[in-house]
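Below, each chain spelled out in residue letters.
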Amino acid sequence: MNEERWLLPAGIEEVLPPQAQVIEGLRRELLDLYAGWGYDLVIPPFIDYLDSLLTGTGQDLDLQTFKLTDQVSGRLLGVRSDMTPQVARMDAHHLRRDVPQRLCYLGTVLRTRDDGFGGTRSPLQLGAEIYGHGGVESDIEILRLIMLTLRAAGIEESYLDLGHVGIFRGLARQAGLDAAQEHALFDALQRKAVPEVEQLIGGFGVHGAAADMLVALAELNGADALVRAEQVLSRADEPVQAALDDLRRIAEGLQRWLPEVGVHYDLAELRGYRYKTGAVFAAFVPGWGLEVARGGRYDDIGRVFGRARPAVGFSADLKELLRHGRGLEQRYRVDAPVLAPADPDPALRAEIERLRAAGRRVVEALPGVEQDPRQLGCSQTLARREGRWELQAIDAE
């Protein structure tokens, strides 16, 4: 049994040097980036009451949340698997500002299962959110921030996938579908199962324009999907037209701010459908089937905390970004330390302090132990020459 104690649970990993330094370097750079855009850092608790974690967006995370009983209150607790509900509580209950509020976060979350592609169950979730503004301008700002995040992470090639849950939701209302019918059709649309969509719509007794538009929705994807949607959905009611107008305005903003970024539209893509209220988006890298960042609009998420406000934001896993980034090891490379001997000489102490103040790493030898400088990762030592302490290359010894 003892020989297996080094094993970790599936999907849980340690981060060793120098990778830990890369993660820390990128963490600092991204938080500085968000601060430069006016986003205030918040740190939600790692463990929380379960009903708070499963509010709003959290309803989709019930199966992903580890649960336990609080020995103090007797209430059910959960280990956070997503930070958005907690950040929404901060905006609604603690900050309570009337102006648009920009918040960001970066920390570990824990999930009961991975993504199915051998991913982690303990992502380093980063995110940025805007509360208190319902216009597409804040959607565009978040999309710009996503692309800056990917570039900071060394991801040179990526594209965006955009949709809007209001289109399907509006068509479902226009067709008179009840909740169960809407859910069944939603599931078929996510699989792009057109024959099944047609069969379901026929079985629901939906005919005419509403039926035609729901069937066509499964194929409204691609770079030209918005153009085709103008005719295909021309008979849709006002909520659908308003959603299409939002997407057009977002597309115009992306063309203005991010003309070099490829944009793919999928009007049947409904990620986060149960809590999203508007545009939904994700960033992808070529050759990888899962998004590397995701987000969207979730207005009124703070209602259960006593204050409903429009909201939009995104999140990503820092570890996943590192998987696809390039050049980060060199960017955050740390110079090899200097080994200083175990000597109480005040002149040595002064030289060690001078080197550290200049940004050098200095390892002080511990007495009574043989210490090979190379095993400590040191490239230089401090050696006394003619009464002075000087740097000496290891290979020169």
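Structure: see above.
Every residue gets a number counted from 1 within its own chain, in the order that chain's sequence is written. Residue-level local features of this predicted model are given only where pLDDT is at least 70; pairs of side-chain atoms are given and counted only at 80 or more, and the full residue set underlies all totals for whole chains, interfaces and linings. Each side-chain value is worked out from all heavy atoms of the structure, with water and hydrogens disregarded.

### Quick word on the overall build of the chain
Which entries qualify depends on this criterion: In this text, helices come from DSSP runs of H or I with a minimum length of four residues, and strands from runs of E with a minimum of two, each type numbered from the N-terminal end. Relative accessible area decides the class of each residue, using a 1.4 Å probe on protein chains only: under 20% of the type maximum gives buried, over 50% gives exposed, and in between gives partly exposed. Contact definition: two residues touch when any of their heavy atoms are within 4.5 Å. In this description, accessible areas are obtained by the Shrake-Rupley approach with a 1.4 Å probe, and a residue is regarded as covered only by the protein chains that are shown.
Across its full length, the chain holds 13 helices and 16 strands. Structurally, the chain occupies a C-alpha span of about 95 × 55 × 45 Å along its principal axes. The buried share among the 397 residues of the chain stands at 48%. Long-range contacts, defined here as pairs at least 24 residues apart, represent 68% of the contacts in the chain between residues at least 6 apart. About 20,000 Å² of surface is accessible on the chain, with carbon and sulfur atoms providing 51% of the total.

### With respect to the sheet that holds strand S4 (residues 76-79)
Sheets are built from strands that pair by backbone hydrogen bonding, the pairs being arranged parallel or antiparallel. Our working definition: For two strands to count as paired, DSSP must find a minimum of two bridges between them. In this analysis an axis means a line fitted to C-alpha atoms, helices contributing only their contacting stretch, and an angle means the value between N-to-C directions, from 0 to 180 degrees.
The three strands are arranged S2-S4-S3 in an open sheet whose pairing can be described as antiparallel. Looking along the sheet, the strands with just one partner apiece sit at the ends: strand S2 (47-49) and strand S3 (66-69). Within this sheet the neighbouring strands show an average axis-to-axis angle of 35°, counted without direction.

### Points about unusual backbone geometry
Pro18 follows Pro17 through a cis peptide bond whose omega is 5°. Structurally, the position occupied by Pro18 is in the segment before helix H1 (19-36). Backbone geometry at Arg96 places phi at a positive 50°, although glycine is not the residue there. Note that Arg96 resides in the loop between helix H3 (84-95) and strand S5 (101-108). For Lys192, which is not a glycine, the phi torsion comes out positive at approximately 55°. Among the structural elements, Lys192 can be located in the loop between helix H6 (179-190) and helix H7 (194-203). By relative accessible area, which is 30% here, Lys192 ends up partly exposed.

### Topic: the pairing of strand S15 (residues 380-385)
Bridging between strand S13 (residues 338-340) and S15 involves two bridges; their strand directions are parallel. Pairing of Val338 across the sheet is with Gln380, part of S15. Across six bridges, S15 lies against strand S16 (residues 388-393) in antiparallel orientation. When the sheet's bridge partners are listed, Thr381 is paired in S16 with Gln392. Linking two consecutive strands that pair antiparallel, namely S15 and S16, is a turn of two residues; a positive phi of about 50° is found at Glu386 within it.

### What about helix H9 (residues 225-232)?
In an α-helix, one turn spans 3.6 residues; hence positions three or four apart end up facing the same way. Applied cut-off: This arc corresponds to the set of directions leading from the helix axis out to the C-beta atoms.
Taken residue by residue, H9 has Ala225, Leu226 and Ala229 as its buried positions. Down the axis of H9, the buried side of the element spans an arc of 90°, and every buried residue falls inside it. Pointing more than 90 degrees away from the buried face of H9 are the exposed residues Val227 and Gln231. Where H9 is buried, its residues contact strand S8 (221-222), helix H10 (238-257) and strand S9 (262-266).

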